[in-house]
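Understanding the architecture of this molecule
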Amino acid sequence: SILAGLGGGIIGGTFGWNLAEKEENRMSGGTQIALYGIGGALAVSSLFAALTWHNPADDFADAYNRSLRIELGMPGGRAFDPLPPIDLRSLKPDAVMVMRDPWSTSR
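To start, this report covers the structure provided alongside it. Everything quoted here is computed from the prediction, not taken from an experiment.

1. Describing a nonpolar patch on the surface
A cluster of nonpolar side chains, namely Tyr64, Leu68, Leu72 and Met74, defines an oily patch on the protein surface of about 420 Å² accessible area. Relative to the elements of secondary structure, Leu68 occurs in helix 3 (residues 57-72). Relative accessible area serves as the criterion here: at 31%, Leu68 is assigned to the partly exposed category.

Structure follows, in structure tokens:
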């Protein structure tokens, strides 16, 4: 990723500069710590983002196939197919609960 490349470039540039230059042209210890810290933070944040980021491309095929099944009238097109109708006559009488209107005047 771009963050990892940038972090690696900062770390590599800092390391290479301090190896190649003479003692008087090398970066100070504080500058080295700051640059190594920034480079490391960029590299670690890139790794964290890669592990936690959801790739939306993973969902495209499922969404397209589901839409195509709906369009062609094939089964499995809907995420939740409706339940088949229930025949209330097949239920036992004690299992059927009848609701009455609480505002009804007739008892």
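2. Digging into the side chain of Ser46
Inspection of the secondary structure assignment puts Ser46 in helix 2 (residues 29-52). Beyond its immediate stretch of four places on either side in the chain, Ser46 contacts Ser1, Leu3 and Ala4.

3. A look at the side chain of Thr14
Looking at the element boundaries, Thr14 is found in helix 1 (residues 2-20). When its relative accessible area of 1% is taken as the criterion, Thr14 is described as buried. Here Ile10 takes part through its backbone oxygen, which lies 2.7 Å from a polar atom of the side chain of Thr14. Residue contacts for Thr14: discarding those within four places in its chain leaves Met27, Gln32, Leu35 and Tyr36.

Quick notes on the rules
- Note on numbering: residues in each chain are counted from 1, in written sequence order.
- Local features in a predicted model are, by the rule used here, given only for residues with pLDDT of at least 70; side-chain atom pairs are given and counted only at 80 or more, and totals for whole chains, interfaces and linings are based on all residues.
- The basis for every side-chain value is the complete set of heavy atoms in the structure, and neither hydrogens nor water enter the calculation.
- What makes a patch is a set of residues exposed beyond 30% relative accessible area and free of salt bridges, joined within 9 Å when like-charged and within 5 Å when nonpolar (Val, Leu, Ile, Met, Phe, Trp, Tyr).
- Only the protein chains shown count as cover for residues, and the accessible areas themselves come from Shrake-Rupley with a 1.4 Å probe.
- The working definition used for a salt bridge is a side-chain nitrogen of Lys or Arg within 4 Å of a carboxyl oxygen of Asp or Glu.
- Secondary structure follows DSSP: runs of H or I at least 4 residues long count as helices, runs of E at least 2 residues long count as strands, and numbering of each begins at the N terminus.
- Burial classes follow relative accessibility: with a 1.4 Å probe on protein chains only, a residue under 20% of its type's maximum area counts as buried, one over 50% as exposed, and anything between as partly exposed.
- Working rule for contacts: check all heavy atoms of both residues, and any pair within 4.5 Å makes them a contact.
- Each polar contact in these results corresponds to two N or O atoms within 3.5 Å; when the atoms are within protein, one needs to be able to donate a hydrogen and the other to accept it, and residues that are neighboring in sequence are counted only if both atoms are side-chain atoms.

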